[in-house]
Amino acid sequence: MNILVTGGAGFIGSAVIRHLAGRQGVRIVNLDKLTYAGNPASLGAAASSLHYRFHQADICDDAAVLDILRAEEITHVMHLAAESHVDRSIDGPAEFIQTNIVGTFKLLNAALAYWRELPGERRDAFRFHHVSTDEVFGDLPFESGVFTEDTPYDPSSPYSASKAASDHLVRAWHVTYGLPVVLSNCSNNYGPCHFPEKLIPLVILNALHECEIPVYGQGSNVRDWLYVEDHARALELVVTKGRPGESYNVGGRAERTNLQVVETICDLLDQRRPRGGARSYRDLIRFVADRPGHDRRYAIDPSKIERELGWRAQESFETGIARTIDWYLDNRSWWQPIRERSYAGERLGKVA
Ligand code: NAD
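What this report covers is the structure whose coordinates are included nearby. On a predicted model such as this, the values are computed, not experimentally measured, just so you know. (Residues numbered from 1 in each chain as written. Predicted model: local features only at pLDDT ≥ 70, side-chain atom pairs only at ≥ 80, totals over all residues. Heavy atoms only, no water.)

1. Comments concerning the site of the ligand
Where we set the bar: Being near a molecule or strand, for a residue, comes down to having at least one heavy atom within 4 Å of it. Nitrogen and oxygen atoms within 3.5 Å of one another constitute a polar contact, given that in protein one can donate a hydrogen and the other can accept it, and given that sequence-neighbouring residues count only through two side-chain atoms. Residue-level accessible areas treat just the shown protein chains as cover; the underlying method is Shrake-Rupley with a 1.4 Å probe. Here a helix means four or more residues in a row that DSSP labels H or I, a strand means two or more in a row labelled E, and each is numbered from the N terminus. Residues were grouped as follows: Ala, Val, Leu, Ile, Met, Phe, Trp, Tyr, Cys and Pro as nonpolar; Asp, Glu, Lys and Arg as charged; and all remaining residues, including Gly, as polar.
With respect to spatial proximity, 28 residues lie near the ligand, and among them Ile-12, Asp-32, Ser-84, Tyr-159 and Lys-163 are the closest. A distance of 3.5 Å separates an oxygen atom of the ligand from a polar backbone atom of Leu-34. Starting from 840 Å² of accessible surface for the ligand in isolation, the protein chains cover 96%. Contributions of two or more residues to the shell around the ligand are made by α1 (11–20), β5 (127–133), α6 (158–177) and β7 (188–190). If one sorts the elements of the shell around the ligand by residue count, β5 sits on top with 3 residues. Looking at the shell around the ligand residue by residue, the class counts come to 13 nonpolar, 11 polar and 4 charged.

Next up, the structure:
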């Protein structure tokens, strides 16, 4: 397999590449523009493998993408490249329309042209895997209902609307042109190499720096959390075993309010890195004005991927969050340059 990962220097893309690195018979080609969110340091030892190649390119450049597909004889595309931060999409939606919608359209066009050139068996085996989010389903009431693959799309933010549009394009390229696509819609991820504008790393690093910990509204919004390595295992199953034209919901059955997440992190840091003076990191929590259009709740029913592809989340929220905190405590060299850059003028987001 020659797998093209778009956005492979990002949070989830780099976890996918670390997960697949060294696998017998797998070559990985990473296509990433290296926006503010892309960080080659996240790839670790995987980047020095003989079976790894990196191309700095924009998915909106369909001619460059087509050249890469041909030159690398790609058998599978895993499309993760995107603008991914909801707050940034509210402040400046244009980049989200460009990368998430136009970029996915350009990538589909390049993939279709390439797929049509392939000889019979390679044509049948080719897959285009579009990686998407549960946010496309929109706002769920508290304590009722879950998202299944049949839940109608009802996105609320410019980010989720742009992802919903890209999902529709991918399905249309399957129905209209026969491109063998698979899709997955996943809940909120957390884990190593998560850019510090997102809720969990922001809380860990603000606490360690004795900075206030901002929480939107009353912290009552509920998200369904999944450890990123569990997501990477799910993505491997979807791209290799998923049925063309199908989508798979991926989630950890781990619903938590934002306040529960923040308090859990504070309590674990109190044990691992006590503040002194019998103070708790919880004292740093500050409630701030809510995000506009903030969906109350997301919750995924992952039974289809469990039943059809045999996937199960291996980390509970408790084990995953402890591993994540330990990773940030042990990997200052990864996050310190990002934090310094943000204080030198680049915006570090509010709360994910
Ligand atoms: P991220 O922001 O950490 O990484 C995105 C990567 O894409 C970066 O490396 C960036 O440089 C690259 N990129 C951006 N624009 C590009 C372009 N025009 N051309 C090429 N590369 C470009 O995002 P993430 O959190 O790793 O998310 C990856 C994918 O998974 C996204 O499609 C996102 O919608 C989806 N997703 C994320 C979550 C989550 O909780 N983070 C959950 C479900 C689905």
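2. Examining the pattern of salt bridges
Put simply, the rule is: Just to be clear on terms, a salt bridge is a Lys or Arg side-chain nitrogen sitting within 4 Å of an Asp or Glu carboxyl oxygen. Accessible area is worked out with a 1.4 Å probe on protein chains only. A residue is then buried under 20% of its type maximum, exposed over 50%, and partly exposed in between.
Scanning all chains against the criterion turns up 23 salt bridges. A salt bridge links Arg-296 to Asp-139, with the nearest nitrogen and oxygen atoms 2.8 Å apart. Separated by 157 residues along the polypeptide, Arg-296 in the loop between β12 (285–288) and α10 (303–309) and Asp-139 in the loop between β5 and α6 bring together distant segments of the chain. For Asp-139, a relative accessible area of 31% corresponds to the partly exposed category. Across the pair Arg-272 and Asp-326 runs a salt bridge, and its minimum N-O distance is 2.6 Å. Within this pair, whereas Arg-272 is found in helix α9 (residues 258–272), its partner Asp-326 is found in helix α11 (residues 317–330), the two being separated by 54 residues in sequence. Each member of the salt-bridge network shares a partner with another, and the members are Arg-243, Glu-246, Lys-304 and Glu-308.

3. Quick notes on the sheet that holds strand β10 (residues 247–250)
Sheets are built from strands that pair by backbone hydrogen bonding, the pairs being arranged parallel or antiparallel. Condition: At least two DSSP bridges between two strands are required for those strands to pair. To obtain an axis, a line is fitted to C-alpha atoms, over the contacting stretch when the element is a helix, and the angle between two such axes runs from 0 to 180 degrees between their N-to-C directions. We call two residues contacting when some pair of their heavy atoms lies within 4.5 Å.
Taking strand neighbours across the sheet as the criterion, the 7 strands line up as β3-β2-β1-β4-β5-β6-β10 in an open arrangement whose pairing is parallel. Of all strands in the sheet, those with a lone pairing partner are β3 (52–56) and β10, marking the two edges. On average, adjacent strands in this sheet sit at an angle of 20° to one another, irrespective of strand direction. Two strands pair when backbone bridges link them, and strand β6 (residues 181–186) and β10 are joined in this way by 4 bridges, in the parallel orientation. Each residue of the ladder has a partner; that of Asn-185, found in β10, is Asn-249. Sheet strands in contact with helix α2 (residues 62–71) are β1 (2–6), β2 (27–32), β3 and β4 (76–79), and its direction is about 170° off that of β2.

4. Remarks on the packing of helix α4 (residues 94–117) against α6
The packing of two helices is summarised by the inter-axis angle and the distance between the axes. Where we set the bar: Angle categories: roughly parallel below 35 degrees, roughly antiparallel above 145, roughly perpendicular from 65 to 115, and oblique for all the rest. Each helix crossing is assigned a hand: it is left-handed if the near helix lies turned anticlockwise from the far helix by less than a right angle, otherwise right-handed if that turn is clockwise.
Across the interface, α4 lies against α6 with an axial gap of 8 Å and an inter-helix angle of 15°. The orientation of α4 with respect to α6, classified from their angle, is roughly parallel. Crossing geometry of α4 relative to α6 is assigned as right-handed. Across from Phe-96, Asn-100, Ile-101, Thr-104, Phe-105, Leu-108, Asn-109, Leu-112, Trp-115 and Arg-116 in α4, the residues of α6 making contact are Tyr-159, Ser-162, Lys-163, Ala-165, Ser-166, Leu-169, Val-170, Trp-173 and Tyr-177. Here the residues of the contact of α4 with α6 are counted per class, giving 12 nonpolar, 5 polar and 2 charged.

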